Amino acid sequence: MSRKDAHAFAASLAATLMVSIVVFQAGDGTFGAVPADEIDGDEVQVLVEIDPWA
């Protein structure tokens, strides 16, 4: 997914699930979004964390 789509998806997930969501870029250049507690960080670069409580 594109970086723009990943940010939009992350914002939607954070608001819906009420958990912190991380937007990341994988080693192959793709972007994604997952809950912050599921990111292992080995092969990804974290770009932003969206916290619905902040």
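Note that the coordinates shown come from a computational prediction; the quantities given were computed from them, not determined experimentally.

S.K.: Describe the overall build of the chain, naming the residues involved and giving the relevant values.
M.R.: Counting its secondary structure elements, the chain contains one helix and three strands. Secondary structure of the chain in N-to-C order comes out as α-β-β-β. A compact globule built from 54 residues should have a C-alpha radius of gyration of about 10 Å, and the chain, at 10 Å, falls within 12% of that. Taken along the three principal axes of its C-alpha coordinates, the chain extends 30 × 20 × 15 Å. Burial status across the chain gives 22% buried among its 54 residues. Within the chain, residue pairs in contact and separated by at least 24 positions form 40% of the contacts whose partners lie at least 6 positions apart.

S.K.: So what's going on with unusual backbone geometry? Which residues, and what values?
M.R.: Phi angles above zero are rare outside glycine, and Met18 is one such case at about 55°. Checked against the element boundaries, Met18 lands in the loop between helix H1 (3–17) and strand S1 (21–26). On the accessibility criterion, Met18 (33% relative accessible area) is partly exposed.

S.K.: Can you lay out the confidence of the model for the chain for me, pointing to particular residues and giving the numbers?
M.R.: When pLDDT is averaged along the chain, the result is 91, and 98% of the positions lie at 70 or above. Within the chain, strand S3 (residues 44–50) has the poorest average pLDDT of any element, 92, and H1 the best, 94.

Reading guide: rules and limits
Residues numbered from 1 in each chain as written. Predicted model: local features only at pLDDT ≥ 70, side-chain atom pairs only at ≥ 80, totals over all residues. Heavy atoms only, no water. Helix = DSSP H or I, 4+ residues; strand = E, 2+ residues; numbered from the N terminus. Rg over C-alpha atoms; globule rule 2.2 N^0.38 Å. Buried < 20%, exposed > 50% of the residue type's maximum accessible area, 1.4 Å probe, protein only. Contact = heavy atoms within 4.5 Å. pLDDT = per-residue confidence, 0-100.

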